[in-house]
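Now for the letters of each chain:
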Amino acid sequence: MARSTQTRSSDSPRDAIALLKQDHRTVSALFEEFAKADEEEQSAIAQRVCQLLTVHATIEEELLYPAAKEAFDGEEENEDLVNEAEVEHGSAKELIAKIEGMAGDDEHFKATVSVLGEYIKHHVKEEENELFPQLKKTDVDLKELGGRLEDRKLALMEQMGIEAEEEPQPRKRSARGAARSKSANRRPGSRARH
Ligand SMILES: [Fe+2]
Ligand SMILES: [Fe+2]
């Protein structure tokens, strides 16, 4: 096969919570980048955010939330945390669909991305401060779950044709990274030279 399959960076899977928190950081950095970017760079950043959020939401819905519900069996307050998270995903996905269908020059484009950013910030806070700590108290095997999350994530990214860009690598600039990077010296419309 000409195309290589994306594989895990190491054989030992990351803990599920560490993996999901890393996703949260990646997305929140992109929202910050969006806020500071030129108008012409914003569409690409928004597209990337929407894709990464779609992958993240899918692996949580398919794997994390069912595992959490099972582990919380009978604990109503904790089950409610999962139900709330699922409802929030529904609303986030509506915003994502809206953004994906919007032209970059739509007068509500920036505002819709900002609203999504605020919404995700709230959702992430609830997951990290409430859901994840409760999940840690259960007997869920977080390493095993982390392995499944990562495998599914890589498969989805490959399916969607999007690049993995997990760990922050400030000094390594891919072509995509260079295209998205915001240099104060660059004039609008100018292209990165090779
Ligand atoms: Fe979530
Ligand atoms: Fe999440």
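Residues numbered from 1 in each chain as written. Chains lettered and ligands numbered in written order. Predicted model: local features only at pLDDT ≥ 70, side-chain atom pairs only at ≥ 80, totals over all residues.

## Some remarks on the overall build of the protein
Spelled out, the test is: Going along the chain from the N terminus, every DSSP run of H or I of four or more residues is numbered as a helix, and every run of E of two or more is numbered as a strand. Counts of 20 or more other C-beta atoms within 10 Å of a residue's own C-beta define buried residues, counts of 12 or fewer define exposed ones, and intermediate counts define partly exposed ones; C-beta atoms are placed from the backbone. Residue pairs qualify as contacts under a 7 Å threshold applied to their C-beta atoms, which are placed from the backbone.
Assigned secondary structure in the protein consists of six helices and zero strands. Reading the protein from its N end, one meets helices and strands in the order α-α-α-α-α-α. Out of the 194 residues in the protein, the part that is buried amounts to 23%. Intrachain contacts of the protein at a sequence separation of at least 6 include 75% that bridge at least 24 residues.

## Points about helix α5 (residues 142-160)
In plain terms, the rule: Between the first and last residue of a helix there are one fewer steps than residues, each counted as 1.5 Å, and that sum is the expected span. Within this analysis, the arc is defined by the directions that extend from the helix axis to the C-beta atoms.
Taking 1.5 Å of rise per residue, 19 residues should cover 27 Å, and α5 covers 26 Å from first to last C-alpha, within 8% of that figure. All of the buried residues along α5 are Leu 142, Leu 145, Gly 146, Leu 149, Glu 150 and Lys 153. Down the axis of α5, the smallest arc covering the buried residues is 135 degrees, so these residues share one side. On its buried face, α5 is in contact with α1 (16-36) and α2 (39-71). Once α5 finishes, Gly 161 follows within two positions and takes phi at roughly 70 degrees, a positive value.

## So, the nonpolar core
Note the cut-off: By definition, a nonpolar core groups buried Ala, Val, Leu, Ile, Met, Phe, Trp, Tyr and Cys residues that are joined through C-beta atoms within 7 Å.
Ala 16, Ala 46, Val 49, Leu 53 and Ala 68 are the most contacted members of the largest nonpolar core, which has 33 residues in total. Those elements giving two or more residues to this core turn out to be α1, α2, α3 (76-100), α4 (109-136) and α5. Counting residues per element, this core draws most heavily on α2, at 12 residues. If sequence neighbours within four positions are ignored, Ala 46 has contacts with Phe 34, Ile 99 and Val 113.

## Focus: α3
Count 3.6 residues to each turn of an α-helix, and residues three or four apart come out pointing the same way. In this model α3 runs 36 Å from its N-terminal to its C-terminal C-alpha over 25 residues, within 8% of the 36 Å that 1.5 Å per residue would give. Of all the positions in α3, only Asn 78, Leu 81, Val 82, Ala 85, Ile 96 and Ile 99 are classed as buried.

## Side note on the packing of α2 against α5
Helix-helix packing is described using two parameters, namely the angle between the two axes and the distance between the axes. Rules: Every axis corresponds to a line fitted to the C-alpha atoms, with the helix fit spanning only the stretch in contact, and the corresponding angles, defined between N-to-C directions, vary from 0 to 180 degrees. Two helices cross in a left-handed way if the nearer one is turned anticlockwise from the farther one by less than a right angle. They cross in a right-handed way if the turn is clockwise. We call Asp, Glu, Lys and Arg charged. Ala, Val, Leu, Ile, Met, Phe, Trp, Tyr, Cys and Pro are nonpolar, and the rest, Gly among them, are polar.
For the pair α2 and α5, interaxial distance at closest approach is 10 Å and the crossing angle is 145 degrees. Along this stretch, α2 crosses α5, giving a crossing that reads as right-handed. Counting all contacts with α2, which are made through Gln 51, Val 55, Thr 58, Ile 59, Glu 62, Leu 63, Leu 64 and Ala 67, the residues of α5 involved are Leu 145, Arg 148, Leu 149, Arg 152, Lys 153, Leu 156, Met 157 and Met 160. Residue composition of the contact of α2 with α5, by class: 10 nonpolar, two polar and four charged.

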